[in-house]
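Inside the fold
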Amino acid sequence: MNGSVAYLATAVGCLVGVAGVVVAVVALRRARSRPQGRPAPGDPLRDRDADALRGDPRRLQPGDLVEIRQVTYAVRGSIRLVEGGWSWTEHLLDDAAGVRRWLSVEEDPELELVLWTAEPAATITPGAPTIDFAGRRYSWDESGQARYTATGTTGLDPNGTMRYHDYQAPGGARLSFEAYGEAGWEVARGEVLHRAEVMIYPQGGTDR
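Only a predicted model underlies this, so the values are computations on that prediction, with no experimental measurement involved. (Residues numbered from 1 in each chain as written. Predicted model: local features only at pLDDT ≥ 70, side-chain atom pairs only at ≥ 80, totals over all residues. Heavy atoms only, no water.)

A few words now on the pattern of salt bridges. Counted under the stated rule, the structure contains 10 salt bridges. Measuring nitrogen to oxygen at the nearest pair gives 3.1 Å for the salt bridge that ties Arg 58 to Glu 107. With Arg 58 in the loop between helix H2 (48-54) and strand S1 (65-68) and Glu 107 in strand S4 (residues 100-107), this residue pair connects regions lying 49 residues apart in the sequence. Look at Glu 107 and you get partly exposed, because its relative accessible area is 35%. Here Glu 197 and Arg 69 are joined by a salt bridge, their closest N and O atoms 2.9 Å apart. Placement of Glu 197 in the loop between strand S10 (186-193) and strand S11 (198-201) and of Arg 69 in the loop between S1 and strand S2 (71-83) is noted, with a sequence separation of 128 residues between them. One salt-bridge network, in which partners are shared between bridges, spans Arg 69, Arg 101, Glu 191 and Glu 197. (Salt bridge = Lys/Arg side-chain N within 4 Å of Asp/Glu carboxyl O. Helix = DSSP H or I, 4+ residues; strand = E, 2+ residues; numbered from the N terminus. Buried < 20%, exposed > 50% of the residue type's maximum accessible area, 1.4 Å probe, protein only.)

Okay, here's the thing in structure tokens:
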């Protein structure tokens, strides 16, 4: 009798041990199958209704059409710029008359859209705290150097570096100096756009 009890106790103990090992293995597998970390939370204030109705400027790419203040442009090329943990995009636009503009898309942290017009005849250079140009006084805002990746038609190498100096005037007008690679400074004046002034017509693509 005592031997049977001892045998039964030993058997039960073995079963409990095996069950414990199985539970541990299953738990370990589940733990390994869980994604590491949590996804970054989305911006709770992002205007997703505007994105749905007017298109998402963050997804603009070469080949798309964009209407700005009742003028329709084709996106000829795009430049993605990265500086440390910060990034923004500039798109080369071309309308039916051959007029070329640039549209910059940046979240700072709010979405900011700026329409740029090149000033190839400008002889001013960056560096001063303030610059007078075209009847406005601009004050220095920021400067730095970024790496870029170009797609579509931009006139640039596919990859490289870009230096910049940005200025602002009262009322939000912008003045920008950019130099790609070893090229000289390019000057452009910018106008901040309201979200409702921009309508995007995606033309399809592999990532859509």
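Read on, since the account is not over.
Our focus in this paragraph is the packing of aromatic side chains. If you walk through the whole model with that rule in mind, you get 3 aromatic pairs. Ring centres of Tyr 148 and Tyr 180 lie 5.3 Å apart, and the angle between their planes is 80°; on these two criteria the pair is classed as edge-to-face. Separated by 32 residues along the polypeptide, Tyr 148 in strand S7 (residues 136-152) and Tyr 180 in strand S9 (residues 174-180) bring together distant segments of the chain. Considered together, Tyr 148 and Tyr 180 belong to a single accessibility category, that of buried residues. Plain terms: the ring middles of Tyr 167 and Phe 177 are 5.8 Å apart, the flat faces sit at 70° to each other, and that makes the pair edge-to-face. Here Tyr 167, found in strand S8 (residues 159-168), pairs with Phe 177, found in strand S9; they are 10 residues apart in sequence, far enough to count as distant. (Phe/Tyr/Trp six-rings, centres within 6.5 Å; stacked < 30°, edge-to-face > 60°.)

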